[in-house]
Amino acid sequence: MENSRKSWQEKVRLKQEAQTQALIATVANNQNSELDLSIPDIDDISILVSRIASGELTAEAVTRTYIHNLTEILFGEALARAHELDEHWGKHGRVVGPLHSIPITFKDQFNIKRRDTTLGYVGRAFAPAAEDAVFVGMLRNLGAVVLAKANLPQSIMWCETENPLWGLTSNPMCKEYTPGGSTGGEAALLNLHGSMIGWGTDIGGSIRIPAHMMGLYGLKPSSSRLPYYGVPVSTEGQEHVPSSVGPLARNLHSLTIVMKELIQTKPDEVFQEFRSKPLIIGLLTDDGVIRPHPPISRVLLSLVEKLRAAGHEIIEWNADLHAECVQVMDEFYTADGGEDIRRDMLAGGEPFIPHVEALVNRGQPISVYDYWQLNRRKIALQQAYLEKWNKIRSPKAGKPADVVLMPPMPHAAVPHRSCRWVGYTKIWNVLDYSALVIPAGKICSLDGSVIWDHTPRNVTDEWNARVWTQNKDKMIELGLPVGVQIAGRKLEEEKVLAVGAVIDELLSGNTHAELNP
């Protein structure tokens, strides 16, 4: 046991030392460069690419400025790629693609050639990938510059970001608070303007939860919309609830541009359709399991009033089937009795993070027959929810909802290791529907005076109430971001982005903004 402990600790030391040396070398090479520190404040991809296309900025200047804000280890390759892009522009007078020199980062789950993909496991350190993930190659071909990979939780299977290899990722607004997870490293990096587009995965809310907590835009497409090959994941090989690749950004237009270029669709027509007609929006304020904190409800209902005032119709949605879907999802998570995660843990000899240990010990493995029955339950629930969606109709137009509007979480960012309930996001993974989170407000002093003394529905609801009552003063002081979640049906990414643009326009008060990508 002693040798095992030393083994994983030595791997951690060597991995972190390699990162430090790479950082030192890059900083030394950057010292004589004049940096335009306003570049990372450009949130819109189209603006940055246009300035590069005109010759006002170079790819190398952009890359060096972003490196100034980072603490990862792909900097040498990033600068080499930026130099290639500048040579191309100098020779041809045009950019190589719509993402020319756009700085991007990846959750440490995407294979990048000659780099480790750890998933937060010590045992996966010093095992570099032979090739880029297919998706990484697509972005490189569009001109993007890969700067770094960002932290994630051990096994990726939680809504916070901590592992023995890289440690605990903190919320940039307050080190005692989490940025969410499992794409929490990307969310923190984007909040600090260390990247322009962050790429993550979502199997239960892992893109949407950090987007909500960090005041970002985050999209979970349906699982088949973007390629997953070359993106390892815990419980790899299961297809019962596939994980989805998706982007996070500080700007919705940027997020829309990258999706448009990757899936080669023409969302302009969809955007025009949903900007030119009243929307029918199903409203779900509470999933019936965990009651949202006062600021979550206030921000959501304030948006609803803006939507109504703009002529959109709000119809009541209900939480029927939500608890059942979440229950099936939880049973899927532990169908192997935790064997997949346990094998990775044993390979590295590292200690369990407490929430991972609880996950692998939650249940015994089930038989193939029982697994088949679980899949039958999932399929039946998916069909039942489709029928529910078609049945809930506008009393005015007689049509079903365009989208469902609801909270992403029952709370905003919380102190480390305080997350427990992700049912508000997990529902859309079970159904494999498209879902977008956008920032909609912040916690403020109004929330502190709300009387919130309801009888707890269950142990987790009691915990959630305690998180608010014990921390609300600090949350108000921090002015933590609050997002809203917009869900469409399967493969309706264009629709949720279009409706997101309408809502984002209302929230900004800019009724004449150009929303088409």
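Quick look at the structure, then.

Criteria and thresholds
- Residues numbered from 1 in each chain as written.
- Predicted model: local features only at pLDDT ≥ 70, side-chain atom pairs only at ≥ 80, totals over all residues.
- Heavy atoms only, no water.
- Core = buried A, V, L, I, M, F, W, Y, C linked by side-chain atoms within 4.5 Å.
- Buried < 20%, exposed > 50% of the residue type's maximum accessible area, 1.4 Å probe, protein only.
- Helix = DSSP H or I, 4+ residues; strand = E, 2+ residues; numbered from the N terminus.
- Contact = heavy atoms within 4.5 Å.
- Expected span 1.5 Å × (residues − 1).
- Pairing = 2+ DSSP bridges.
- Right-handed = clockwise from strand over helix to strand, strands pointing away.
- Salt bridge = Lys/Arg side-chain N within 4 Å of Asp/Glu carboxyl O.
- Phe/Tyr/Trp six-rings, centres within 6.5 Å; stacked < 30°, edge-to-face > 60°.
- Lys NZ or Arg CZ within 6 Å of the ring centre and 35° of its normal.

Ranked by internal contacts, the top residues of the largest apolar core, which has 142 residues, are Phe106, Trp199, Leu405 and Trp428. Of the residues forming this core, the biggest block, eight residues, is contributed by helix α17 (residues 493-508). Ignoring any residue separated from it by four or fewer positions in sequence, one finds Trp428 in contact with Arg208, Lys220, Tyr385, Trp389, Val404, Met406, Tyr433, Ala435, Gln485 and Ala487. Formed by eight residues, the second largest nonpolar core is a distinct cluster that contains Ala187, Leu190, Ile207 and Val437.

With that settled, consider helix α4 (residues 75-92). Taking 1.5 Å per residue, 18 residues should reach 26 Å; α4 reaches 26 Å between its end C-alpha atoms and fits that length. Looking at the residues trailing α4, positive phi occurs at Gly93, about 70 degrees.

We now examine the pairing of strand β9 (residues 313-316). For strand β8 (residues 280-283) and β9, the ladder comprises four bridges, and the chain directions are parallel. Across the sheet, the residue bridging to Gly282 is Ile315, located in β9. Since β8 and β9 lie parallel, the crossover through helix α10 (residues 294-309) that links them has a hand, and here it is right-handed.

Glancing now at the pattern of salt bridges. Under the definition given, this model contains 27 salt bridges. For Glu17, the salt bridge identified is with Arg13, shortest N-O distance 3.1 Å. Residue Glu17 and its partner Arg13 are both found in helix α1 (residues 2-30); the two are separated by four residues, about one turn of the helix. With a shortest N-O distance of 3.6 Å, Arg275 and Glu505 are connected by a salt bridge. With Arg275 in helix α9 (residues 267-275) and Glu505 in helix α17, the pair connects residues that are 230 residues apart, well separated along the chain.

Right, let's get into the packing of aromatic side chains. If you walk through the whole model with that rule in mind, you get nine aromatic pairs. An angle of 85 degrees between the planes, with centres 5.8 Å apart, marks the rings of Tyr385 and Trp428 as edge-to-face. Here the residue Tyr385 occupies a position in helix α14 (residues 368-391), and Trp428 occupies one in helix α15 (residues 423-431), the gap between them amounting to 43 residues. Relative accessible area serves as the criterion here: at 0%, Tyr385 is assigned to the buried category. Look at Trp428 and you get buried, because its relative accessible area is 0%. Aromatic side chains Tyr385 and Tyr433 sit 6.4 Å apart centroid to centroid with 80 degrees between the ring planes, which places their arrangement in the edge-to-face category. Of this pair, Tyr385 sits in helix α14 while Tyr433 sits in the loop between α15 and β11 (435-442), and the two are 48 residues apart along the sequence. In this pair, the class of Tyr385 matches that of Tyr433, namely buried. Taken together, the aromatic side chains of Trp317, Tyr385, Trp389, Trp428 and Tyr433 make up a single cluster linked through ring pairs. A cation over an aromatic ring shows up here: Lys15 above the ring of Phe126, its NZ or CZ 5.7 Å from the ring centre.

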